[in-house]
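One letter stands for each residue in the lines below.
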Amino acid sequence: MSFHNAMIVYRKELMDSLRDRRTIKSMILVPIFIFPLVTIGMSYLSYRFIGQARREIPHIMVIGGEDSPNLMAKLQQFKEIDIVPTNVNYTAQILNKKIRAAVRVPQNFDALLQRGDQVHVSIYYSKEEITSQFAADTIAKFFNDIRDESARNALVVRNLPASVLEPIVVGKENVTPPEAEVGSVVARLLPYFIIVLCLNGATTPAMDLTAGEKERGTMETILCSPVSRTDLVFGKFLLVLTTSLTTAFLAITSMSLCSMYAQKLIGAGAASSLPPTVAFRAIAAVFAMVLPLSVFFSGALLALALFAKTFREAQSYVAPLMLLVVLPAATSFLPGVELNFKTIFIPILNTSLVNKEILAGTYHWGFIGLIFVSSCVYATVAMSYAVRLFNNEKVLLRA
Amino acid sequence: MIEARELTKVFSDKKRGEIKAVNAITFHCEPGEIYGLLGANGAGKTTTLRMLATILRPTSGTAIVAGYDVLSDAQNVRRKVGFLSTATALYGRLTAREMVEYFGRLNGMDGESLRHAVDEIFSILKIDEFSGRRCDKLSTGMKQKVSIARTLVHDPPVMIFDEPTAGLDVMTARTVLEFVHTCRSRGKTVIFSTHIMSEAAKLCDRIGIIHDGSILAEGTLKELQRRYDTADLEEIFVQVVGGEQCLFTTQ
């Protein structure tokens, strides 16, 4: 193999691809704009809607309570709700969003509370509606405050300390390092995105450099040049790998910047942002793990797309591969799926899982080594197969 | 020179079984000579030329091209060959200059020598005025000129033309034929395949009539005319391939 020739092919393919709108879209525009827009945009929108729902003063219907002036006076003074006239159709009104919740107060509420009897209050709300849930929480808090005040008063009368109500205070201390805390949130999503984006970035150029060349009639042109088939595959492969890694890199950078901005916007705590040193180390390690996987994708995609006669036909071959990659990558989300001696040999899932651990600040060096080696083996197999196919004139000149 | 020895190519097809596209073809072509492969569509011309250009590997037999064996030294054969056919398209997103320079680099040229060679060919073929335009924006004639420049950039001693005028208008076809003629004048070994009788008669020093993968007759135009007792190459061709294959005569 001549590295010099492979680089000539690579430089030409790079120049060619950078002039191709489809590659620019999948390699640069999608990772920079689409994924951050979808992920960060969705979280920002949901934050906006939740904030709006929280700020709303809900319409609440009080059923009963006419015989309890103390309670009614307190409810009237409670600024966080707006009491509406009683109506028998409160369920329909909640479902029609005319009111957010209703509360049923038993007869003689004031008297029962004064006597120290247990009083049952029912709150009606819709679990489907977040504003209704917030309204139910608000009214529940109102009654809990009355309950606590009543209990404290009863203790004072009996000369008992307030601690009687809460004889044991249970405190929880988080011992997880900050990066792991971040990891628990980021680590679940990022490895999946990196893997999917690596594949996504490699797909269009792989199809363009194989089936696309056949379709445009340039395959025969390059085949009659003195460049060897192996050099040709390597030149093309390097381009596919470049776009694959560039896509993943741009997406991570874009998502990190967007998440920092979004956190600033919503005022989230500093603990939920990735410290720069941790980010650099973890992302560098994640990239090292993704590299052989990206090689595997590039080789496999080149081989697969080479069977097709046209770009469109190649798309139909590649679509199932997407599913084969997304499924194991997404499996790492599932609770209980962890790195062990079985999962480390399952391609894609192993990288997704180990990246999850790395981003959570855990480095199992034994597993990392084994996964890296196994990914390299899969990558070598895919590349060897691609080289073999490029030497198969039946596949290469299929028309 | 080119020397084809018992060159054979068999394709296997799931439905049709084994298909012998080229059957033990033997011929030779000397420097400064144009050898014409004359045959109908599907006769085996393209397969033969693809084997000579090492795009396809012969099933049996071999060929020596510019001193190199197509089986054992394919890469060196490709260094010595310029291959032009209607199937050898241009990279649409590259400019004419980038396209030709790319093939120069693949042929081991670089720097000043490459620039000089490209400038010279562009000047001869009058490509200068559109050398900075992307190939997908060029007219068919311009594209054909760029393709010619692509085959010539490394100044190969052997030129292989596979129906280079197919689908071209009269003026563009004329430019291509003039170029083929120039190659002979420059002492190159030229193989030219066509199914157009007038092209073969006008250009070729020797003609091989190919049918069903075999060369059935070979010689200079004069020799063929003498042998088949007619001046018309089309008539000669019909006699050689088995005669009355005309739709109307069977009725």
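As a reminder, the structure under discussion sits directly above these lines.
Predicted model, so just to flag it, every value in this text is computed and none were measured.

Each value, and the rule that gives it
- Residues numbered from 1 in each chain as written.
- Chains lettered and ligands numbered in written order.
- Predicted model: local features only at pLDDT ≥ 70, side-chain atom pairs only at ≥ 80, totals over all residues.
- Helix = DSSP H or I, 4+ residues; strand = E, 2+ residues; numbered from the N terminus.
- Rg over C-alpha atoms; globule rule 2.2 N^0.38 Å.
- Buried ≥ 20, exposed ≤ 12 C-beta atoms within 10 Å, placed from the backbone.
- Contact = placed C-beta atoms within 7 Å.
- Pairing = 2+ DSSP bridges.
- Axes fitted to C-alpha atoms, helices over the stretch in contact; angles between N-to-C directions.
- Core = buried A, V, L, I, M, F, W, Y, C linked by C-beta atoms within 7 Å.
- Right-handed = clockwise from strand over helix to strand, strands pointing away.
- Parallel < 35°, antiparallel > 145°, perpendicular 65-115°, else oblique.
- Left-handed = near helix turned anticlockwise from the far one by under 90°.
- Nonpolar A, V, L, I, M, F, W, Y, C, P; charged D, E, K, R; others polar.

### Quick look at the overall build of chain B
Point 1. Scanning chain B for helices and strands turns up nine helices and 10 strands.
Point 2. For 251 residues, the compact-globule formula gives about 18 Å, and the C-alpha radius of gyration of chain B, at 19 Å, lands near that figure.
Point 3. Taken across its 251 residues, chain B has 43% of its residues classed as buried.

### A word on the interface of chain B and chain A
Point 1. The interface is formed by 20 residues belonging to chain B together with 18 residues belonging to chain A.
Point 2. For the side of chain B that touches chain A, the elements supplying multiple residues, two or more each, are α2 (74–80) and α3 (96–106) of chain B.
Point 3. A per-element tally of the side of chain B that touches chain A places α3 of chain B first, with four residues.

### As for the sheet that holds strand β4 (residues 122–124) of chain A
All names here are of chain A.
Point 1. The four strands lie next to each other as β2-β1-β3-β4, forming an open sheet whose pairing is mixed. In this open sheet, the two edge strands, each paired with only one partner strand, are β2 (82–84) and β4. Neighbour-to-neighbour, the strand axes of the sheet open up by a mean angle of 30°, direction not taken into account.
Point 2. The strands that helix α6 (residues 130–157) touches are β1 (59–63), β3 (101–104) and β4; relative to β3, the one it contacts most, it runs at about 30°.

### A word on the nonpolar core
Nonpolar side chains tend to gather and get buried jointly when the protein is soluble and globular.
Point 1. Core analysis: the largest hydrophobic core is formed by 144 residues, its most contacted members being Cys198, Leu301, Leu302 and Ala305 of chain A together with Leu52, Ile160 and Ile191 of chain B.
Point 2. Looking at this core element by element, the count peaks at 17 residues for helix α10 (residues 276–306) of chain A.
Point 3. Residue contacts for isoleucine 191 of chain B: discarding those within four places in its chain leaves Ile2, Cys29, Tyr35, Leu37, Leu49, Leu52, Ile160 and Phe161 of chain B.
Point 4. Counting 19 residues, the second largest nonpolar core, distinct from the first, contains Leu71, Ala102, Tyr125 and Ala136 of chain A.

### A look at the pairing of strand β8 (residues 189–194) of chain B
Residues and elements named next belong to chain B.
Point 1. β8 sits mainly inside the fold: six of its six residues count as buried.
Point 2. Residues Thr189, Ile191 and Ser193 point to one face of β8 and Val190, Phe192 and Thr194 to the other, with burial holding for every one of them.
Point 3. Relative to β8, strand β3 (residues 34–38) is paired through five bridges, and the arrangement is parallel. Counterpart to leucine 38 in the pairing with β8 is threonine 194.
Point 4. Of the pairings in the sheet, the one linking strand β7 (residues 158–162) to β8 comprises five bridges and is parallel in character. Each residue of the ladder has a partner; that of aspartate 162, found in β8, is serine 193.
Point 5. Taken together, β7, helix α6 (residues 170–185) and β8 form a β-α-β motif whose crossover is right-handed.

### Some remarks on unusual backbone geometry
All names here are of chain B.
Point 1. Positive phi values are uncommon outside glycine, yet alanine 66 reaches one of about 50°.
Point 2. A positive phi angle, close to 55°, is found at lysine 126, a residue other than glycine.
Point 3. Note that lysine 126 resides in the loop between α4 (111–124) and α5 (140–152).
Point 4. What makes lysine 126 exposed here is the crowd of 11 C-beta atoms within 10 Å.

### Looking at the sheet that holds β8 of chain B
All names here are of chain B.
Point 1. The six strands lie next to each other as β6-β7-β8-β3-β9-β10, forming an open sheet whose pairing is mixed. Each having just a single partner strand, β6 (81–85) and β10 (214–219) make up the two edges of the open sheet. Each adjacent strand pair in this sheet contributes to an overall mean axis angle of 15°, direction not counted.
Point 2. The sheet strands contacting helix α1 (residues 45–52) are β3, β7, β8 and β9 (206–211), and the helix crosses β7 at an angle near 155°.
Point 3. Packed onto the sheet, α5 meets β6 and β7 and runs at close to 160° relative to β6.

### Looking at the environment of alanine 92 of chain A
Point 1. Considering the arrangement of structural elements, one finds alanine 92 of chain A in helix α4 (residues 90–95).
Point 2. With 282 residues separating them along the chain, alanine 92 of chain A and serine 374 of chain A place their C-alpha atoms 60 Å apart.

### Re the packing of helix α8 (residues 221–228) of chain B against helix α9 (residues 233–241) of chain B
All names here are of chain B.
Point 1. For the pair α8 and α9, the least separation of the axes is 10 Å and the interaxial angle reads 60°. Overall, the two elements α8 and α9 adopt an arrangement that is oblique. The way α8 lies across α9 gives a crossing that is left-handed. Here Leu221, Leu224, Gln225 and Tyr228 of α8 lie close against α9, whose contacting residues are Leu233, Ile236 and Gln239.
Point 2. Per-class residue counts for the contact of α8 with α9 are five nonpolar, two polar and no charged.

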